[in-house]
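# Overview (structure and organization)
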Amino acid sequence: MLHIGFIQQHNTANTADNMKRLSEGIALLAQRGAELVVLQELHNSLYFCQTEDVNTFEQAEPIPGPSTDLFGQLARKHQVVIVTSLFEKRAAGLYHNTAVVIERDGTIAGKYRKMHIPDDPAYYEKFYFTPGDMGFQPINTSVGRLGVLVCWDQWFPEAARLMAMRGADLLIYPTAIGYAANDTPEEQQRQREAWTTIQRGHAVANGLPVIAVNRVGYEIDPSSQTKGIQFWGSSFVAGPQGEILYCAPENDEKQEIVAIDLAHSEQVRRWWPFFRDRRIDAYTNIDKRFL
């Protein structure tokens, strides 16, 4: 069994405090037996993509850099693998939304640059992030091959499939998504349930567990163009048949550990041999935009 811990956190403008609370959470989860700890998307700061501001690029950092140093120390101290999510400065004028996996000895096991970049009101990520150029490659760690993707990637079955085809043992989605204040409560719930449903579908289609870790709490729009974002939490772990193993609350912070039997995926794939029955001879147009 693999014991996976996650931290669903409400962030503030105080980055040092955000990171302090994350550090404390990692320590507590490790004490409770976590072997892998997954953090939410852009966990060091507020979700700054609600506005377009060139000064925000000052928050970006190189990889390796200060954050990987800090989380590397925590991984080594507590003997856990950590999935982080950082604002990467690759070069002047070139930035990425990057997940970095830290091995339990404190070294960088690998990274993934977010491939699908949204551009919607309050989610102006195209202003900040260049689409990833590292493809969909699982990251080898001491706890397994991690198929790490990021937030908007979770809506695209192709991303999950390619990670699975390359041997991922599980799919991991650091996330920052929430409700728009102008949507009705019914529409808000439809969107949240769609978010859960599609990721459970990735679990079923690929016979792999899925871990989605979202932030929680309200964050104001500094420009006042919108009414801000109420992040909907609801972090969850699903098994390889899409079964919900744990789901966090919508409105509260949560630190939790969920045990997953990675060997069960093998059995599920024997029952449901989707990889055997895929018509790869008939998919030649899948790389087209539209037909």
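Being a predicted model, the structure only gives us computed values, none of them experimental.

Each helix and strand counted, the protein has 7 helices and 15 strands in total. For the protein, the C-alpha atoms occupy an extent of roughly 50 × 50 × 40 Å along the three principal directions. Considering the protein as a whole, with its 291 residues, one finds that 52% of them fall into the buried category. Counting contacts in the protein only where the partners sit at least 6 residues apart, residues at least 24 apart contribute 69% of the total. When the accessible surface of the protein is summed, it comes to about 13,100 Å², and 53% of that surface belongs to carbon and sulfur atoms. Side-chain charges in the protein split into 28 positive and 35 negative, and the spacing between the mean points of these groups amounts to 5 Å.

Our focus in this paragraph is the side chain of Arg 113. Tracing the sequence through the fold places Arg 113 in strand β5 (residues 108–113). A relative accessible area of 7% places Arg 113 in the buried class. A distance of 3.1 Å separates a polar atom in the side chain of Arg 113 from a polar atom in the side chain of Asp 133. Setting aside residues no more than four positions away along its own chain, Arg 113 makes contact with Glu 88, Arg 90, His 96, Asn 97, Thr 98, Gly 132, Asp 133 and Met 134.

Now for a nonpolar patch on the surface. Taken together, the side chains of Trp 271, Trp 272 and Phe 274 define a hydrophobic patch exposed on the protein surface, amounting to about 310 Å² of accessible area. In this fold, Trp 272 is placed in the loop between α6 (264–271) and α7 (274–277).

Here we take up the UniProt feature "domain: CN hydrolase" (unreviewed entry) in the protein. Summarizing the sequence annotation, UniProt attributes the feature "domain: CN hydrolase" (unreviewed entry) to residues 2–262 in the numbering used throughout. Along residues 2–262 one finds 25% helix and 31% strand; the C-alpha atoms at either end are 7 Å apart.

Across the sheet, 6 strands lie side by side as β6-β7-β8-β10-β13-β14; this open sheet has mixed pairing. Every interior strand has two partners, whereas the edge strands, β6 (139–141) and β14 (244–247), have only one. Taking each pair of neighbouring strands and ignoring which way they run, the sheet shows an average axis angle of 20 degrees.

Turning next to the packing of aromatic side chains. If you walk through the whole model with that rule in mind, you get 22 aromatic pairs. When the centroid spacing of 4.5 Å and the interplanar angle of 35 degrees are considered together, the rings of Phe 57 and Tyr 95 count as tilted. Remark: Tyr 95 occurs in strand β4 (residues 94–102) and Phe 57 occurs in the loop between β2 (36–39) and α2 (66–78); sequence separation between them is 38 residues. Taken as a pair, Phe 57 and Tyr 95 share a single burial class, namely buried. By way of ring pairs, the aromatic residues Phe 48, Phe 57, Phe 87, Tyr 95, Phe 127, Tyr 128 and Phe 129 are connected into one cluster. The ring centre of Phe 275 lies 5.2 Å from the NZ or CZ of Arg 161, which sits over that ring. Sitting over the ring of Phe 275, Arg 269 keeps its end group 4.6 Å from the ring centre.

So, about helix α5 (residues 185–206). Across its 22 residues, α5 extends 32 Å between first and last C-alpha, which sits within 8% of the 32 Å expected from 1.5 Å per residue. Of the residues making up α5, those classed as buried are Gln 188, Arg 192, Trp 195, Thr 196, Gln 199, His 202, Ala 203 and Asn 206. In an axial view of α5, the angular spread of the buried residues amounts to 115 degrees, which keeps them on one side of the axis. Away from the buried face of α5 by more than 90 degrees, exposed residues Glu 186, Arg 190 and Thr 197 are located. Within two residues after α5, Gly 207 carries a phi angle of roughly 60 degrees, on the positive side.

Conventions and cut-offs
- Residues numbered from 1 in each chain as written.
- Predicted model: local features only at pLDDT ≥ 70, side-chain atom pairs only at ≥ 80, totals over all residues.
- Heavy atoms only, no water.
- Helix = DSSP H or I, 4+ residues; strand = E, 2+ residues; numbered from the N terminus.
- Buried < 20%, exposed > 50% of the residue type's maximum accessible area, 1.4 Å probe, protein only.
- Contact = heavy atoms within 4.5 Å.
- Areas by Shrake-Rupley, 256 points an atom, 1.4 Å probe, with all protein chains shown as cover.
- Lys, Arg positive; Asp, Glu negative; His and termini not counted.
- Charge placed at Lys NZ, Arg CZ, Asp CG, Glu CD.
- Polar contact = N/O pair within 3.5 Å; in protein donor to acceptor, adjacent residues only side chain to side chain.
- Patch = residues over 30% accessible without salt bridge, like charges linked within 9 Å, V, L, I, M, F, W, Y side chains within 5 Å.
- Salt bridge = Lys/Arg side-chain N within 4 Å of Asp/Glu carboxyl O.
- UniProt positions renumbered as here; feature names shortened; annotations may be inferred.
- Pairing = 2+ DSSP bridges.
- Axes fitted to C-alpha atoms, helices over the stretch in contact; angles between N-to-C directions.
- Phe/Tyr/Trp six-rings, centres within 6.5 Å; stacked < 30°, edge-to-face > 60°.
- Lys NZ or Arg CZ within 6 Å of the ring centre and 35° of its normal.
- Expected span 1.5 Å × (residues − 1).
- Arc of directions from axis to C-beta.

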